[in-house]
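Each chain, written out:
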Amino acid sequence: MQVKGISWVGVGTDAFQPTLDFFTTVLGLETKIVDPRGVAMLTVGDGQILELFGPGTGGRALTSPPVIAFEVDDVCAAHAELIAKGVEVIGDIGTWNGFEWLYFRGPDDHIYAVKKTPPPGWEETA
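Residues numbered from 1 in each chain as written. Predicted model: local features only at pLDDT ≥ 70, side-chain atom pairs only at ≥ 80, totals over all residues. Heavy atoms only, no water.

1. Section: a nonpolar patch on the surface
On the surface, F22, V26 and L27 cluster together into a nonpolar patch covering about 290 Å² of accessible area. Position of V26 among the secondary structure elements: in helix 1 (residues 16–26). Classification of V26 as exposed rests on a relative accessible area of 55%. (Patch = residues over 30% accessible without salt bridge, like charges linked within 9 Å, V, L, I, M, F, W, Y side chains within 5 Å. Areas by Shrake-Rupley, 256 points an atom, 1.4 Å probe, with all protein chains shown as cover. Salt bridge = Lys/Arg side-chain N within 4 Å of Asp/Glu carboxyl O. Helix = DSSP H or I, 4+ residues; strand = E, 2+ residues; numbered from the N terminus. Buried < 20%, exposed > 50% of the residue type's maximum accessible area, 1.4 Å probe, protein only.)

As structure tokens, this is what we get:
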């Protein structure tokens with residue numbers, strides 16, 4: 001697998017709105033999607049996403065502490081390579097709105113992910 005860069009950082013928080021306000025008003029990140037149930041996607045740079053997960057959301061438990069996702073061309077191939085190298089994968093490959101991802105555990109016991117981001121314009125179809 002060839003890592004092309006960091007595509008995503010997931011941040012689980014018990015203080016969803018204050019954290020969202022911090023990233024948008026203090027750091028100036030642009031909001032792409034805010035789900036009133038406590039999930040928000042913000043852009044950090046070209047093709048880079050920071051996603052917040054508040055209490056009670058599906059991603060909250062997986063992203064505390066924050067999780068880094070490495071951009072790859074093929075999540076299925078990365079999955080096979082991780083398994084072949086004895087890496088513990090967590091769950092199945094996830095998909096949503098053109099995104100694909102897979103969580104895995106590093107030797108430090110932290111959770112990481114590989115991710116494939118859809119082409120520009122994905123936020124218009126969300």
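Okay, back to it.
2. Notes on unusual backbone geometry
With an omega of 5°, the peptide bond between S64 and P65 qualifies as cis. Relative to the elements of secondary structure, P65 occurs in the loop between strand 4 (48–53) and strand 5 (67–71). A positive phi angle, close to 50°, is found at N97, a residue other than glycine. Examined against the element boundaries, N97 turns out to sit in the loop between strand 6 (88–96) and strand 7 (99–105). Given a relative accessible area of 29%, N97 falls into the partly exposed group.

3. Considering the side chain of T19
Structurally, T19 can be placed in helix 1. Among the polar contacts listed, one links the side chain of T19 to the side chain of T13, at a separation of 3.2 Å. (Polar contact = N/O pair within 3.5 Å; in protein donor to acceptor, adjacent residues only side chain to side chain.)

4. A short note on the nonpolar core
Counting residues in hydrophobic clusters, the biggest one holds 12 residues: W8, I33, V39, M41, I49, F53, V67, A69, F99, Y103, I111 and A113. When residues of this core are traced back to their parent elements, those giving at least two are strand 3 (39–45), strand 4, strand 5, strand 7 and strand 8 (111–116). When neighbours within four sequence positions are excluded, F53 is seen to be in contact with W8, G10, V11, G12, T13, F16, G38, V39, G59, R60 and T63. With 9 residues, the next largest nonpolar core counts V11, F23, L29 and L42 among its residues. (Core = buried A, V, L, I, M, F, W, Y, C linked by side-chain atoms within 4.5 Å. Contact = heavy atoms within 4.5 Å.)

5. A look at the environment of F70
With respect to the helices, strands and loops of the structure, F70 is situated in strand 5. The class for F70 is partly exposed, based on a relative accessible area of 25%. When the C-alpha atoms of F70 and W8 are compared, they prove to be 7.1 Å apart, with 62 residues separating the residues in sequence. With sequence-adjacent residues up to four places away left out, F70 is seen in contact with V3, G5, I6, S7, Y112, A113, V114 and K115.

Without other data, these values stay purely geometric and don't point to any function.
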